Amino acid sequence: MHPSDAVKILFGEAADLQRVTAAEVKSAFRRRVRTFHPDSAQSVAQHCGEAVSSLVSARDILIEHLASAQKKAAGPAPARPSNPFSSYARPTIVKPVRPVVEKIPKKEHERYYRGVFPTYKLKFGQFLYFATEISWQDLVRGMRWQRDQRPPYGEIARAWGWLTDKDIQIVRAATDIPGVFGEKAVTLGLLTPKQAAFLVRHQHHSQPRLGEYFVKERILLPHEVTQHLKAMQRHNSSIERGTGPVPPFNPAGYVR
């Protein structure tokens, strides 16, 4: 049965196939079927089965036709986006290989400490020297490098507004006054003793750590610097507590 014939069976000759909806098809089917109920169609009872079968076929054909037309009007279904990660190959992570840093051997022609380890508090450079990790020449070179890296005393005072350029020139020209820059500035009345002491502390804390020099020159490795710092702290703590060992001894808890 063609859809145009099916619409005539349900709606009559004047029905327009292009304007029929699925809801109207189902409503017309129910309405037409009721006319063939035995209570309302006694005179045509012998034709009821054939008529109802024709209505069912017309309904099914129209419902299928409307569904097909609606699908065509909607156009093709949009392609489902593919998962970009479905075929994604997980990259191989290559960890960078750190270059192996080797220490330079001890210098045979330089002076290394050979005596008993001191029983007083030490600074880091002293500790390394007495622990025979660096030579005396290494210590001097490291302290000179550290001194050259620290910010100039006068530049700090000028940045803070405590000295002017003219004041700095006056201090530098006072060669007849003994002492370092800060002591001369105090003698000349350009700085107070408290200011001079504060500048010294700031200059000291602004300079690089001595351990950086020994790592840079490959005299020590970074983890060795950390190990020696901890050993020095244990040594100095034992001296402060008065529990430091009597010489000859190794630094407290220090493992070479």
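In this report, the structure presented in the accompanying data block is examined.

Calculation rules
Residues numbered from 1 in each chain as written. Predicted model: local features only at pLDDT ≥ 70, side-chain atom pairs only at ≥ 80, totals over all residues. Heavy atoms only, no water. Helix = DSSP H or I, 4+ residues; strand = E, 2+ residues; numbered from the N terminus. Buried < 20%, exposed > 50% of the residue type's maximum accessible area, 1.4 Å probe, protein only. Contact = heavy atoms within 4.5 Å. Areas by Shrake-Rupley, 256 points an atom, 1.4 Å probe, with all protein chains shown as cover. 1 Å grid on protein atoms, 1.4 Å probe; cavity = no way out; pocket = protein on both sides within 12 Å on 5 of 7 lines; lining within 4 Å. Points joined across faces, edges and corners; volume = space filled by probe spheres on them. Salt bridge = Lys/Arg side-chain N within 4 Å of Asp/Glu carboxyl O. Core = buried A, V, L, I, M, F, W, Y, C linked by side-chain atoms within 4.5 Å. Phe/Tyr/Trp six-rings, centres within 6.5 Å; stacked < 30°, edge-to-face > 60°. Expected span 1.5 Å × (residues − 1). Arc of directions from axis to C-beta.

The helix and strand tally for the protein stands at 11 helices and 0 strands. Its helices and strands taken in sequence order, the protein reads α-α-α-α-α-α-α-α-α-α-α from the N to the C terminus. Counting only residues that meet the buried cut, the protein has 30% of its 256 residues in that class. Counting contacts in the protein only where the partners sit at least 6 residues apart, residues at least 24 apart contribute 62% of the total. Total accessible area on the protein is roughly 18,000 Å²; 56% of this is exposed by carbon and sulfur atoms.

Here the focus is the layout of surface pockets. The volume enclosed by the largest pocket comes to roughly 660 Å³. For the largest pocket, the lining is made up of 21 residues, of which Lys123, Phe124, Gly125, Gln146 and Leu210 are closest to its centre. Considering each element in turn, the lining of the largest pocket owes the most residues, 5 residues, to helix α4 (residues 124-130).

Inspection of every chain in the model, using the stated rule, returns 9 salt bridges. Among the ionic pairs, glutamate 240 bridges to lysine 121, the shortest N-O distance being 2.7 Å. Here lysine 121 lies in the loop between α3 (48-74) and α4 and glutamate 240 lies in helix α11 (residues 222-241), a separation of 119 residues in the sequence. Lysine 216 is the partner of glutamate 217 in a salt bridge, and the nearest nitrogen-oxygen pair spans 2.7 Å. You can call glutamate 217 partly exposed: its relative accessible area is 31%.

Another aspect to go through is the nonpolar core. Within the largest apolar cluster, 20 residues are counted, with the highest numbers of intra-cluster contacts made by Phe127, Ile134 and Phe214. Counting only elements with at least two residues in this core, the list comes to α4, α5 (136-149), α10 (210-216) and α11. With 5 residues, α4 is the single largest residue contributor to this core.

Given two aromatic rings, their pairing is described by the distance between the two centres and the angle made by the two planes. The tally for this structure, following the rule as stated, stands at 12 aromatic pairs. Where tyrosine 113 meets phenylalanine 130, the ring centres are 4.7 Å apart and the plane angle is 85°; that geometry is what we call edge-to-face. With a gap of 17 residues between them, tyrosine 113 in the loop between α3 and α4 and phenylalanine 130 in helix α4 connect regions that are remote in the sequence. A residue is classified by how much of its surface remains accessible, and phenylalanine 130, at 16% relative accessible area, is buried. Measuring from ring centre to ring centre gives 5.6 Å for tryptophan 145 and tyrosine 213, while their planes differ by 40°; the resulting arrangement is tilted. Of this pair, tryptophan 145 sits in helix α5 while tyrosine 213 sits in helix α10, placing them 68 residues apart in sequence. With a relative accessible area of 7%, tyrosine 213 lands in the buried category.

Looking now at α11. Between its terminal C-alpha atoms α11 stretches 29 Å, which fits the 28 Å expected from 20 residues at 1.5 Å a residue. Among the residues of α11, Glu224, Val225, His228, Ala231, Met232, His235, Asn236 and Ser238 are the ones counted as buried. Angular distribution of buried residues about the axis of α11 spans 155°; they occupy a single face of the element. The exposed set on the far side of α11, more than 90 degrees from its buried face, consists of Pro222, His223, Glu240 and Arg241. Contact partners of the buried residues in α11: α4 and α10. Looking one or two residues beyond α11, the residue adopting positive phi is glycine 242, at roughly 75°.

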